[in-house]
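Residue-level structure breakdown
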Amino acid sequence: MIIPASLKKGAFWWIRRDLRIEDNVALYHALQAERDIIPLFIFDTHILDRLDDPEDRRVNFIHDALKKLKADLEQHGSTLLILHGDPVAIFQELDPKSVYTNHDYEPYGTERDTKIKAIVETNGGKFHSYKDIVIFERNEVLKDDGQPYTVFTPYSRKWKALLKPEHCKSYSITDLSRLKRMPPDEMPELSTIGFREVDYTFPPRTIRQQIIREYSDKRDFPAVEGTSKLSVHLRFGTVSIRRLVSVALKSNETWLNELIWREFYHMILYHFPQASQKAFKPAYDRIIWNNNPDEFKSWCEGRTGYPMVDAAMRELNATGFMHNRSRMIAASFLTKHLLIDWRWGEAYFAKKLLDFDLAANNGGWQWAAGSGCDAAPYFRVFNPELQAAKFDPAQSYIRHWIPELGTPSYPSPIVNHQTARDRAIRTYQEALQPE
Ligand SMILES: Cc1cc2nc3c(=O)[nH]c(=O)nc-3n(C[C@H](O)[C@H](O)[C@H](O)COP(=O)(O)OP(=O)(O)OC[C@H]3O[C@@H](n4cnc5c(N)ncnc54)[C@H](O)[C@@H]3O)c2cc1C
């Protein structure tokens, strides 16, 4: 990669999962301390090379968000420098005077940032990284004895007790004149980084107050617009968590609890990194999974013959989103009815979810499989038909995603509910017997 000499030794605002100007902690600090700050985004080949679908919607989402960010910066006489490659090599080349960025907590991000910090500092530069995407980091909400919580309710109680107004204070960005004045840079096409555009409308980044007010009553019904659909914006930082928590505090505690679940799972993955590969409760690694590839394929394609499960999977395949109630039902069905290893389902969701988040996805899957911290007890096996009757009583969700329901082209159930339930409980019991 050829880096223009004018950019070397500069001060950089390095944007990653915080694709916004407003209330951005790293940008705020850069503007306080530096002049001629260069906004930078890197399409990281280590991340992109692992995505096998050239029509990956997440890359499209980022590309759209960057276009908007770049246009906003250009209105202020600056631009956004967008590079493609290995960030370590790029920073070696840039040899920055300083870097301002927000913490990335995922294992790869942490490792990469440690290397880059070392390179920058060895060359005499400064690497500044800030808390931005959470209210409380992994070590800020701990039990009185300093140990991490493994149960959500006491964690959330402590989280709320520790919350002070300054945690939600917005980092107000009013003057961008300290950004480097540059002519508009070229916006790389998706094809130049190996991806294609998809025709898709992403959930808006608007915080819909009415949905949040009515959340407690409506959140469990997949056919209803009853949840915020902000997960993809939280994932890529196109909204600020401080803003959302401020809204939640005024409007709805149930919704606030969901935002706290997000931080709970981040905290869990940090303190128990083995959970990304193994059962949080080790005994659950003794389960002998059935792992039938044909049944897995039917589940992925939404052709299990259980309409609520199939509607969920089709929603995911078509949109990259799946309602939380549907995620619980689909994940329970895979791990209990089909006795397929939760890691298979977790990997499929990771590939498809727009809002894919390592910690939340792992937490959700281990919850469904019963193996997670604070998980559903293993003998509670969701009955997909009863779930449908309760949460989609008019079959609006099911009929939307399965137009062929009731015709010969819709498959019969691939397993019998009662037989599958009994087999799941038996298999779990055998695995969990004391050795
Ligand atoms: C098997 C399974 C896998 C999941 N995988 C992911 C994932 O990869 N990424 C992800 O963001 N969420 C995941 N979730 C949690 C949840 O389903 C989604 O966050 C939610 O459906 C997103 O929709 P929303 O933005 O309308 O959420 P809302 O209901 O409006 O909630 C607001 C925000 O709170 C957070 N949140 C809500 N529920 C949870 C939860 N249970 N755990 C952690 N955070 C939560 C999300 O950031 C969400 O955007 C998973 C749940 C399950 C059961």
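An account of the accompanying structure is given in this report. (Residues numbered from 1 in each chain as written. Predicted model: local features only at pLDDT ≥ 70, side-chain atom pairs only at ≥ 80, totals over all residues.)

This next bit is on the site of the ligand. In the vicinity of the ligand, 27 residues are found, and the nearest of them are Thr227, Ser228, Ser231, Asn361 and Gly364. Elements with a contribution of two residues or more to the shell around the ligand: helix 9 (231-236), helix 11 (253-271), helix 14 (324-337) and helix 16 (358-369). For the shell around the ligand, the element with the highest residue contribution is helix 16, accounting for six residues. Per-class residue counts for the shell around the ligand are 13 nonpolar, seven polar and seven charged. Mapping the shell around the ligand onto the domain boundaries places at least three of its residues in each of domain 2 (134-172 + 201-271) and domain 3 (276-430). (Near = placed C-beta within 6 Å. Helix = DSSP H or I, 4+ residues; strand = E, 2+ residues; numbered from the N terminus. Nonpolar A, V, L, I, M, F, W, Y, C, P; charged D, E, K, R; others polar. Domains from an automatic or database assignment.)

This next bit is on the sheet that holds strand 5 (residues 126-130). Spatially, five strands are ordered 3-2-1-4-5 in an open sheet, and the strand pairing comes out parallel. For this open sheet the edge positions go to strand 3 (81-85) and strand 5, each flanked by a neighbour on one side alone. The average undirected angle you get between the axes of adjacent strands in this sheet is 25°. Here strand 1 (residues 11-15) runs beside strand 2 (residues 37-44); their pairing, made up of five bridges, is parallel. Along strand 2, the bridge assignment pairs Phe12 with Ile38. Across the sheet, helix 1 (residues 25-33) is in contact with strand 1, strand 2, strand 4 (98-102) and strand 5; its angle to strand 4 comes to roughly 150°. (Pairing = 2+ DSSP bridges. Axes fitted to C-alpha atoms, helices over the stretch in contact; angles between N-to-C directions. Contact = placed C-beta atoms within 7 Å.)

With that out of the way, let us pick up unusual backbone geometry. Its identity is not glycine, yet Asp36 carries a phi of approximately 50°, on the positive side. You will see that Asp95, though not glycine, has its phi angle at about 50°, which is positive. Turning to its location among the elements, Asp95 is positioned in the loop between helix 4 (87-94) and strand 4.

As judged from the five bridges shared by strand 4 and strand 5, these two strands associate in the parallel manner. Counterpart to Tyr100 in the pairing with strand 5 is His128. Tracing the backbone out of strand 4, into helix 5 (residues 107-122) and back to the parallel element strand 5 gives a crossover that is right-handed. (Right-handed = clockwise from strand over helix to strand, strands pointing away.)

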